[in-house]
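Chains, contacts and geometry: an overview
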Amino acid sequence: MLTAGQAADSPQFVPVLGRVRVRVPVGRPRTRPDAVAADKAYSSRGNRAHLRRRGIKAVIPEKREQAANRKKKGSAGGRPVSHDADLYKERNTVERLINKLKAWRGVATRYDKTPASYLAGLHLRASMIWVKHLSRTTT
């Protein structure tokens, strides 16, 4: 999903999650992943509640100020947020891909003014990464 270049990512969490399709070896793609790993920017109460409603494990660390506000409320603040640290470490796979995409200046700086041309640039860069990966694995 494309948004304005200056728009924050967190408000798009729920719409993007709605478009996720997890491929499995047999059958149609699932619309509900087992877990979602994200950084602290996505740790809002709303995002966590959405994941809970859908039965998806949240692998999102809590922001310091959120933890401080929760602790300040005492027992009314609820339980501390926990996340699977080992699963969270695997999030770097996605981060590395994003860095590879942004290594191309047109993607990193968003010079393209129209969403269609920017998306075309993303597809082109992703194709370049994929072809380079294929050439490494076949030789």
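Here's what I pulled together on the structure shown here. (Residues numbered from 1 in each chain as written. Predicted model: local features only at pLDDT ≥ 70, side-chain atom pairs only at ≥ 80, totals over all residues. Heavy atoms only, no water.)

1. Details of a positive patch on the surface
On the surface, Arg 96, Lys 100, Lys 132 and Arg 136 cluster together into a patch of positive charge. Taken together, the elements giving at least two residues each to the positive patch come down to helix H5 (92-102) and helix H7 (115-138). Its location among the elements puts Lys 100 in helix H5. (Patch = residues over 30% accessible without salt bridge, like charges linked within 9 Å, V, L, I, M, F, W, Y side chains within 5 Å. Areas by Shrake-Rupley, 256 points an atom, 1.4 Å probe, with all protein chains shown as cover. Salt bridge = Lys/Arg side-chain N within 4 Å of Asp/Glu carboxyl O. Lys, Arg positive; Asp, Glu negative; His and termini not counted. Charge placed at Lys NZ, Arg CZ, Asp CG, Glu CD. Helix = DSSP H or I, 4+ residues; strand = E, 2+ residues; numbered from the N terminus.)

2. Examining the packing of aromatic side chains
Summed over all chains, the structure comprises one aromatic pair. Centroid distance Phe 13 to Tyr 42: 5.7 Å. Interplanar angle 40 degrees. Geometry classified as tilted. Taken as a pair, Phe 13 in helix H1 (residues 13-18) and Tyr 42 in the loop between strand S1 (35-37) and helix H2 (45-54) lie far apart in primary sequence, 29 residues in all. By relative accessible area, Tyr 42 is classed as buried at 17%. (Phe/Tyr/Trp six-rings, centres within 6.5 Å; stacked < 30°, edge-to-face > 60°. Buried < 20%, exposed > 50% of the residue type's maximum accessible area, 1.4 Å probe, protein only.)

3. Regarding the environment of Leu 87
Note that Leu 87 resides in helix H4 (residues 85-89). We classify Leu 87 as partly exposed; its relative accessible area is 28%. Considering only alpha carbons, one finds Leu 87 and Arg 53, 34 residues apart in sequence, at a separation of 21 Å. The residues contacting Leu 87, other than those within four sequence positions of it, are Ala 35 and Val 59. (Contact = heavy atoms within 4.5 Å.)

4. Points about H7
For H7, spanning 24 residues, the distance from its first C-alpha to its last is 34 Å, which sits close to the expected 34 Å at 1.5 Å a residue. The complete set of buried residues in H7 reads Tyr 118, Gly 121, Leu 122, Arg 125 and Ile 129. In this fold, the buried residues of H7 make contact with H5 and helix H6 (105-109). (Expected span 1.5 Å × (residues − 1).)

5. What about the side chain of Arg 125?
When you line up the elements, Arg 125 lands in helix H7. Setting aside anything within four residues of it in sequence, one finds Arg 125 in contact with Lys 100, Leu 101, Ala 103, Trp 104 and Val 107.

6. Focus: the nonpolar core
Most often, soluble globular proteins keep nonpolar side chains buried together rather than apart. Residues Phe 13, Leu 17, Val 36, Ala 38, Tyr 42, Leu 51, Ile 56, Ala 58 and Ile 60 constitute the largest nonpolar core, which totals nine residues. Apart from residues no more than four positions distant in its own chain, Ala 58 is found in contact with Val 36, Arg 48, Leu 51, Ser 82 and His 83. If you look at the next biggest cluster of nonpolar residues, it comprises five residues, including Leu 101, Val 107, Tyr 118 and Leu 122. (Core = buried A, V, L, I, M, F, W, Y, C linked by side-chain atoms within 4.5 Å.)

7. Digging into the environment of His 83
Tracing the backbone through its elements, the reader meets His 83 in the loop between helix H3 (64-72) and H4. Separated by 26 residues in sequence, His 83 and Lys 57 place their C-alpha atoms 8.6 Å apart. The contacts of His 83, once residues within four sequence positions are left out, are Ala 58, Val 59, Ile 60, Pro 61 and Tyr 88.

Keep in mind that these numbers describe shape and distance, not what the molecule does.
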